[in-house]
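Read off the chains here:
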Amino acid sequence: MKPARFDYHAPATIDEAIALLARYGGDAKVLAGGQSLMPMLNFRLARPAALVDVNRIPALAYIREDNGSVAFGAMTRQRTIEFSPVVAARLPLLREATRWVGHLPIRSRGTIGGSIAHADPSAEYPAVLTALGGEVIVQGPRGRRTVKAGDLFETYLTTTLAADELVVEVRLPAMPTGAGHAFEEFARRHGDFAIAGIAAMVARTDAGRLTVRLASAGAGPVPIRLRAAEEILERDGLTAPAIEAAAARAAELVQPDSDVHASADYRRHLTRVLTARAVRRAGGVGKT
Ligand SMILES: Cc1cc2nc3c(=O)[nH]c(=O)nc-3n(C[C@H](O)[C@H](O)[C@H](O)COP(=O)(O)OP(=O)(O)OC[C@H]3O[C@@H](n4cnc5c(N)ncnc54)[C@H](O)[C@@H]3O)c2cc1C
C-alpha cells in the first residue's frame, strides 16, 4: 500500500521544526530515520496531515561527553552509536544493545531519538535508557523540559510527550569504569524484535559494594526497571541462589501480554532465564 496524502516539510532548525509541529496542532509526525514510521504510513496505521522531516537539522546529530553523562542528539544514527569510541568506552551496554537492533541498513538510518520516541516495548534502546536511568530533553512551543526514563513510557508505542514536542537529546549516565554489562535477548530470527530481553549492568564500588541495574524489554507495554531484583543482588551478592532469586523476582515484576509471537507465560519464563544469564555475564560469574 501507499501512504495517505500528507504535506512534507524539511526544516533546517529546531525552532522551525517546533513551529511546524505547533502549526498542525498535533496532526504532524516527526520523520527521523523512517524505519518505523514509513511502514506505519504505508499500512495507513498512521495518517498524519504532515511530516516534519528533521534529517536536515545538523544541530540534532552529535555525541558529547558531558559531566559524567553522554549526550546524544536525537538524530544520531544507531550505526554511528555502534562504532562510536565514546560509546565503546563509556556506555558499552548501549553498544551491545545496538547490535541487536534490526540489521545494518536499518541501523544506518534509524536514530536513537526515533527509537525512544517510538516506544516499542520490545526495542533495545528504551530498555537501556530505563536500566541506566537516562533521560530525554524535549522541546515544544512551551520551551524545553527534561523527562526521566521512568516518566517517559506510557504504554505500547506511546510516550508522555505531547504531539508538538520534539525529542532533541537523549542523555545516559556514563557507566562506572570497569562495570560489567550484558544485553540478553531472545528473538525468533536475527534482526527481529525481541520476544523478551534484559539489559544489565553490574558495578563494584571501591568498598566492594555492588550496584546492579536491570530492565526488561518485550515483557509488557513498557520497559520495566527491575528494582526488587536488583536489590536482592545488591544485598546478597552474585551467589547462585541470589541470582536465581533475582531472576525469579524479575519474572514476577514484568507484566507481559500474550500475542501472536508468544504467550505471556513464555515471556515470563524468558525473562527469568535471560535475567540470570545477563547477571552472570555482566557480573563475570561462570555458570554454576
Ligand atoms: C525490519 C526491521 C527490523 C527492526 N528491528 C528492530 C529491532 O530489533 N529493535 C529495535 O529497537 N528497532 C528495530 N527496528 C526499528 C528501528 O530501530 C527504528 O530505527 C526505530 O524504531 C525508529 O527510529 P527511526 O529513527 O527510524 O524513527 P522513525 O521511524 O522516523 O519515527 C518513529 C516514531 O518516532 C517519532 N519520532 C522520531 N524521532 C522523533 C523525535 N526526535 N522527537 C519526537 N518524535 C520522534 C516519529 O514521529 C514516529 O512516530 C526495526 C525496523 C525494521 C524496518
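Let me sum up the structure you'll find in this document. (Residues numbered from 1 in each chain as written. Predicted model: local features only at pLDDT ≥ 70, side-chain atom pairs only at ≥ 80, totals over all residues. Heavy atoms only, no water.)

In the region of the ligand, 29 residues are neighbours, and V30, S36, L37, T111 and E124 sit closest. Contact distances for the ligand include 2.8 Å between an oxygen atom and a backbone N or O atom of G33. The side chain of E124 places a nitrogen or oxygen atom 2.7 Å from a nitrogen atom of the ligand. Considered on its own, the ligand offers 970 Å² of accessible surface; in the complex 88% of this is hidden by protein. For the shell around the ligand, the secondary-structure elements that each account for two or more residues are β2 (28-31), α7 (112-118) and β10 (166-173). Take the shell around the ligand: its biggest share by element is four residues, from α7. Its residues placed into classes, the shell around the ligand shows 13 nonpolar, 12 polar and four charged. (Near = heavy atom within 4 Å. Polar contact = N/O pair within 3.5 Å; in protein donor to acceptor, adjacent residues only side chain to side chain. Areas by Shrake-Rupley, 256 points an atom, 1.4 Å probe, with all protein chains shown as cover. Helix = DSSP H or I, 4+ residues; strand = E, 2+ residues; numbered from the N terminus. Nonpolar A, V, L, I, M, F, W, Y, C, P; charged D, E, K, R; others polar.)

All right, on to the packing of helix α9 (residues 227-236) against helix α10 (residues 240-253) then. One can describe the packing of α9 onto α10 by two numbers: an axis separation of 8 Å at closest approach and a directional angle of 165°. Comparing their axes, α10 and α9 come out roughly antiparallel. The two elements α9 and α10 meet at a crossing, and its hand is right-handed. Facing α9, whose interface residues are R227, A228, A229, I232, L233 and D236, α10 presents A242, I243, A245, A246, R249, A250 and L253. For the contact of α9 with α10, the class distribution of residues is 10 nonpolar, no polar and three charged. (Axes fitted to C-alpha atoms, helices over the stretch in contact; angles between N-to-C directions. Parallel < 35°, antiparallel > 145°, perpendicular 65-115°, else oblique. Left-handed = near helix turned anticlockwise from the far one by under 90°. Contact = heavy atoms within 4.5 Å.)

Now for unusual backbone geometry. A positive phi angle, close to 55°, is found at N67, a residue other than glycine. As for its placement among the helices and strands, N67 is situated in the loop between β4 (63-66) and β5 (69-73). The exposure class assigned to N67 is exposed, which follows from its relative accessible area of 78%. For L157, which is not a glycine, the phi torsion comes out positive at approximately 55°. Of note, L157 is situated in the loop between β8 (153-155) and β9 (158-159). In this structure L157 comes out as partly exposed when scored by relative accessible area, which is 43%. (Buried < 20%, exposed > 50% of the residue type's maximum accessible area, 1.4 Å probe, protein only.)

F72, L91, L94, I116, L129 and V136 are the most contacted members of the largest nonpolar core, which has 38 residues in total. L91 has contacts with V70, F72, V86, L132, L172, P173, A174 and M175, leaving out every residue within four places of it along the chain. (Core = buried A, V, L, I, M, F, W, Y, C linked by side-chain atoms within 4.5 Å.)

Enumeration according to the criterion identifies one aromatic pair in this entry. Considering the side-chain rings of F186 and Y266, the 6.4 Å spacing of their centres and the 85° angle between planes classify their relative orientation as edge-to-face. With a gap of 80 residues between them, F186 in strand β11 (residues 180-186) and Y266 in helix α11 (residues 264-282) connect regions that are remote in the sequence. Using a relative accessible area of 33% as the deciding quantity, one classes Y266 as partly exposed. One Lys or Arg, R64, reaches over the ring of Y62 and ends 3.8 Å from the middle of that ring. (Phe/Tyr/Trp six-rings, centres within 6.5 Å; stacked < 30°, edge-to-face > 60°. Lys NZ or Arg CZ within 6 Å of the ring centre and 35° of its normal.)

Looking down a regular strand, the side chains alternate between one sheet face and the other. Most of strand β12 (residues 196-204) is tucked away: eight of the nine residues are buried. As defined by bridge partners, β11 adjoins β12 across seven bridges and the pair is classed as antiparallel. Following the sheet pairing, E185 is matched in β12 by G197. Of the pairings in the sheet, the one linking β12 to strand β13 (residues 210-217) comprises eight bridges and is antiparallel in character. Of the residues in β13, the one forming a bridge with I198 is S216. Counting the residues between successive antiparallel strands, the hairpin from β12 to β13 contains five residues, one of them, G208, with a positive phi of roughly 85°. (Pairing = 2+ DSSP bridges.)

This part covers α11. Over its 19 residues, α11 extends 26 Å from the first C-alpha to the last, a length consistent with the 27 Å expected when each residue adds 1.5 Å. Of the residues making up α11, those classed as buried are A264, R267, L270, T271, L274, T275, A276, A278, V279, R280 and A282. Buried residues along α11 sit in contact with β11, β12, β13, α9 and α10. Phi for G284, located one or two positions after α11, is positive at around 65°. (Expected span 1.5 Å × (residues − 1).)

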